[in-house]
Amino acid sequence: MTVEESQLNPIHALYEPYPLTSRYPKDRTPWISSFEQYKAMHDQSINEPDVFWRLRASELVEFDTPFHTVCSGSLGEGNVKWFEGGKLNISYNCVDRWAEKTPDAVAIIYEADQPGGAKSVTYKELLDQVSRVAGVFKSFGLEKGDTVAIYMPMVPEAAITMLACTRLGLVHNVVFAGFSAHSLAERIRDSNAKAVVTSDQGLRGGKIIHNKKIVDEALLTCSSVTKVLVFERTGAEVPMQQGRDVSWSKALSEQNEFVPPVFVDSEDPMFILYTSGSTGKPKGLLHTTAGYLVGVAMTTKYTFDLGKDDVFCCSADIGWITGHSYGVYGPLSLGVTTVIFESVPNYPDASRFWKTVDEHKITQFYTAPTAIRSLRRLGDDFVNCTDLSSLRLIASVGEPINPEAWVWYKSVVGKDLCPVVDTYWQTENGSHLITPLPFATTTKPGSATFPMFGIEPAILDPNTGEELTGPNVKGVLCIKKPWPSIARSILGDHDRYLTTYMHAYKGVYFTGDAARRDEDGYYWISGRVDDVINVSGHRMSTAEIESAIIQNESVAESAVVGIEDEITGQSICAFVTLQAGLKESDQIKKSIIATVRTEIGPIATPKNLILVNELPKTRSGKIIRRILRKVASGEADQLGDLSTMSDPSLLAPLVEKCCRWV
Ligand code: ATP
Ligand code: MG
């Protein structure tokens, strides 16, 4: 591609941070308004971390007892501690202090599954509810350090439950309410939960989910649970086990005393969360109190340029880390309004997100590439029938976002007036690692750009572990210094924590992802290390090939995997879904191959190209390449743990398609 061509093609363009458009509030300036300001703060966060974090902690979080040490321990030893000596309470920080200062400000807007069913909860009401649930927990005999499993739909009561746990120093373990009874039971047993909070049923996209029934089944194999609190979401009759099961509405109405927050140590456990499982057996990551809150509050403020009057919407389920950090704790710790979205992007039709934005005048919207790609597939009309003029920023998380989808998001959804913020991070990190800052960073579609404050990334040679310091390098992505919201352990298996993250490469945290740093210092996440494909000695990233494929106008989504090849070591096998309404044909296949050859070169030509209706995904919407690799290699009988797969019925047609050529 020539220089002129690359300038013409929007996916290779540079996007300057915006001069503030008419959408930006007149009475505000962005928190970070130039790249120099970002650089200066980032330099301080790396060179004088104690000064930087002491400032952030005092700006963002109220401690009941001040901390004496900012940070101790090291990544290599896996014993990092933050803000030691301090005592604080999460729910006080997210609820009480705003209920005092701005009692009538809206804390939560609930966008119910059925359009038209929205309601809001003010900070004052939130405090009342959180205190009541905490009272119920006390009546259950739960004490600081006990674990509560939460298996709830996306309703305000889910956030209220999380906050009630943290109010008493209880450790929550939120399990996405889409997991089977078996997976739920595994997570309850592993975390030794004493109580479960659930709902009679859930509603998603008009479909009923039998939450209580699933909990009942799970509990047949969980002896640790003695109490189940059941929120009435639909009001359906569900069996209630006497002595164990308690009605939410009844129990809350009986609470008449205010329950004060219990101040806990900075390093006391706050929650456990199991990873979504794109790569194998889920791990229960343990997060602690002060570091998590400071990290999340800091990143929410700067990454989304969040201010008091904003209405922030993160579409991720609370069952994932994104729902924890940016659906609940981040916005509430800043006293801002958060939108809890119960539905799915295509119910009742594919304009649901955008109608929700209009209805609640959402200012910052945060979703995942899987949603962006699937909405792009259905065409622009679903976006263009809405207004979207309240939006000031749009953001993405969860997978590498293909440049083509990035540009669509920016132009069709953001009307070229909203910065696109592609945030890279993991369950293990608690908060953003690499991300643009909306009014400071010049963006390149597909790149998460530069490190967040406190994050010092390194790209290492995967074989020698040596740091590759120059520009234009590819390797494994590691982080050199501890940051406050890093998970402290894997529950019950600290050795696995050490071997997975801390001892893979000496003295650094290993993300498990591969990355490239380009000539301008931008980071490009190229996917998981296990997904890197090696064809005749050329190491290629899945993200790079997939992004080339999706540039073909017929393509909606793609996933590539490397399979063993006698001649080239590995060969590329590409799975592709087409734009809505298109039918499989040899011509389309040829045109897709031609696109890859033009975009990357003949070396990236897929040896096999398989058109499918759907790609296998985790319940959080990420493509599971591990499964595709097995299927494509004729090892469909050895797929391993499938508990995190969203729709296992996709497997049979996939296997059948592959059998034709394996
Ligand atoms: P498991 O660890 O159980 O396999 P998971 O890695 O999918 O599951 P998460 O912690 O939810 O669980 O996801 C983190 C991973 O998602 C990252 O390691 C990275 O591979 C990918 N990811 C998240 N955000 C981005 C992004 N903005 N760009 C590229 N990749 C991303
Ligand atoms: Mg992971």
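Rules used throughout
Residues numbered from 1 in each chain as written. Chains lettered and ligands numbered in written order. Predicted model: local features only at pLDDT ≥ 70, side-chain atom pairs only at ≥ 80, totals over all residues. Heavy atoms only, no water. UniProt positions renumbered as here; feature names shortened; annotations may be inferred. Helix = DSSP H or I, 4+ residues; strand = E, 2+ residues; numbered from the N terminus. Rg over C-alpha atoms; globule rule 2.2 N^0.38 Å. Buried < 20%, exposed > 50% of the residue type's maximum accessible area, 1.4 Å probe, protein only. Contact = heavy atoms within 4.5 Å. Pairing = 2+ DSSP bridges. Axes fitted to C-alpha atoms, helices over the stretch in contact; angles between N-to-C directions. Parallel < 35°, antiparallel > 145°, perpendicular 65-115°, else oblique. Left-handed = near helix turned anticlockwise from the far one by under 90°. Nonpolar A, V, L, I, M, F, W, Y, C, P; charged D, E, K, R; others polar.

Taking an unreviewed UniProt entry as the reference, the chain is identified by name as Acetyl-coenzyme A synthetase belonging to Smittium simulii. Taken directly from UniProt, the Catalytic activity (unreviewed entry) text for the chain runs: "acetate + ATP + CoA = acetyl-CoA + AMP + diphosphate". What UniProt records for the chain under Sequence similarities (unreviewed entry) is the sentence "Belongs to the ATP-dependent AMP-binding enzyme family."

### Some thoughts on the overall build of the chain
The secondary structure content of the chain amounts to 20 helices and 30 strands. For a compact globule of 662 residues, the expected C-alpha radius of gyration is about 26 Å, and the chain comes in at 24 Å, within 12% of that figure. Within the span of the chain, comprising 662 residues, buried residues form 62% of the whole. When contacts within the chain are restricted to residue pairs at least 6 apart in sequence, those whose partners lie at least 24 apart make up 72%.

### Side note on the sheet that holds strand S21 (residues 457–460)
Read across the open sheet, the four strands follow the order S21-S22-S24-S25; overall the sheet is antiparallel. The sheet is open, and its two borders are formed by S21 and strand S25 (523–528), each paired with just one other strand. For this sheet, the mean angle separating the axes of adjacent strands, direction not counted, is 45°.

### A word on the packing of helix H19 (residues 625–632) against helix H20 (residues 651–659)
Each pair of packed helices can be summarised by the angle the axes make with each other and by the distance between the axes. The geometry of H19 relative to H20 is characterised by a closest axis approach of 9 Å and an angle of 40° between their N-to-C directions. Comparing the axis directions of H19 and H20 gives the class oblique. Where H19 crosses over H20, the handedness of that crossing is right-handed. On H20, the residues that touch Ile627, Leu628, Val631 and Ala632 of H19 are Leu651, Leu654, Val655 and Cys658. The class makeup of the residues in the contact of H19 with H20 is eight nonpolar, no polar and no charged.

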